[in-house]
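Chains, contacts and geometry: an overview
Residue-level listing of the chains:
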Amino acid sequence: MWKETDVLLVIDVQNDFCPGGKLAVPGGDQVVPLINRLARGFKHVVLTQDWHPSEHKSFATAHPAKNPFEIAMMHYGPQTLWPDHCIQDTHGAEFHKDLHIPHAELIIRKGFREEIDSYSAFFENDRKTPTGLGGYLKERGFEKVVCAGLAFDYCVRFSAEDAKKLGFDTEVIEAACRSIDLDGSADAARKAFAEQGIILA
């Protein structure tokens, strides 16, 4: 079914986004067996990993007057503030123990710059600073990016939209994602995908 020019992009299946984690996505661990099964059908897989320094400016703890899930203005615009999560070299930043994709060819770490968050696998939240993934995929001749992982309405959404903008055919496997669903963000993601020609399977 999947071609040599298709790549599966598995986004942020990490302990802190699963039940018991610092920023748990409801049912986040339920995607693991689905993604493992999906990945077996792909010759090419790339993983992303949120990888924050402990003083990251997207953490609510960096803004004493703010609470998690409130908005702060950053130099690149409005930023949702999160509980401290996926701190470098901690258990929370590790991939879920049952995620088993031994043939993954690349791990892209994102959000490691203290001053800027990074939802997308392709660009940081200033929408200008590239991670290098777009160039990597183009240089290797991939034509289609298939997205799965956490969370559907944030990192999966931003990654899928950027893949499409960069010229890749783009598909999101919704069954292999889970949403935070903050203020209707899941429905907003579905609407954005429909408007941009991103396939929602």
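Everything in this summary refers to the structure shown in the same document. (Residues numbered from 1 in each chain as written. Predicted model: local features only at pLDDT ≥ 70, side-chain atom pairs only at ≥ 80, totals over all residues. Heavy atoms only, no water.)

Some details on the nonpolar core
Core analysis: the biggest nonpolar cluster contains 55 residues, and Leu9, Ile35, Phe122, Leu137 and Val172 have the highest contact counts within it. Of all the secondary-structure elements, those providing two or more residues to this core are strand E1 (6-11), helix H1 (31-39), strand E2 (45-50), helix H2 (133-139), strand E6 (144-150), helix H3 (152-165), strand E7 (169-178) and helix H4 (185-196). With six residues, H3 is the single largest residue contributor to this core. Aside from chain neighbours lying at most four places away, what touches Ile35 is Val10, Val13, Leu99, Ile101, Ala148, Gly149 and Ala176. (Core = buried A, V, L, I, M, F, W, Y, C linked by side-chain atoms within 4.5 Å. Buried < 20%, exposed > 50% of the residue type's maximum accessible area, 1.4 Å probe, protein only. Helix = DSSP H or I, 4+ residues; strand = E, 2+ residues; numbered from the N terminus. Contact = heavy atoms within 4.5 Å.)

Quick look at the pattern of salt bridges
All chains considered together, the criterion is met by 14 salt bridges. Asp98 is paired through a salt bridge with Lys97; the nearest N and O atoms lie 3.3 Å apart. Its relative accessible area of 71% is what places Lys97 among the exposed residues. With a closest N to O distance of 3.0 Å, Arg157 and Glu161 form a salt bridge. Highlighted residues: Arg157 and Glu161, both in helix H3, separated by four residues, approximately one helical turn. Salt bridges sharing partners connect three or more residues here, namely Asp12, Asp50 and Lys110. (Salt bridge = Lys/Arg side-chain N within 4 Å of Asp/Glu carboxyl O.)

A word on unusual backbone geometry
Along the chain, Leu150 connects to Ala151 via a cis peptide bond; the corresponding omega equals -15°. With respect to the helices and strands, Ala151 occurs in the loop between E6 and H3. Here Phe69, not a glycine, exhibits a phi torsion of approximately 80°, which is positive. Mapping Phe69 onto the fold places it in the loop between E2 and strand E3 (71-74).

Points about the pairing of strand E4 (residues 77-80)
Regular strands place their side chains on alternate faces of the sheet. Pairing of E3 with E4 involves four bridges; the strand directions are antiparallel. Opposite Met74, over in E4, you have Gly77 as the bridge partner. What sits between E3 and E4 in their antiparallel hairpin is a turn of two residues. (Pairing = 2+ DSSP bridges.)

Digging into the side chain of Glu124
Examined against the element boundaries, Glu124 turns out to sit in the loop between strand E5 (106-110) and H2. On the basis of relative accessibility, which here comes to 2%, the residue Glu124 falls in the buried class. Side chain to side chain, Glu124 and Arg113 meet in a polar contact 2.9 Å long. Once residues lying within four places of it in the same chain are set aside, the contact partners of Glu124 are Gly111, Arg113, Ile116, Asp117, Ser118 and Thr129. (Polar contact = N/O pair within 3.5 Å; in protein donor to acceptor, adjacent residues only side chain to side chain.)

Considerations on the packing of H3 against H4
Packing of H3 against H4 brings their axes to within 10 Å, and their N-to-C directions diverge by 10°. As judged from the angle between their axes, H3 and H4 are roughly parallel. When H3 is examined against H4, the residues Phe152, Asp153, Tyr154, Arg157, Ala160, Glu161 and Lys164 are found in contact with a partner set consisting of Ser185, Ala186, Ala188, Ala189, Arg190, Ala192, Phe193 and Gln196. (Axes fitted to C-alpha atoms, helices over the stretch in contact; angles between N-to-C directions. Parallel < 35°, antiparallel > 145°, perpendicular 65-115°, else oblique.)

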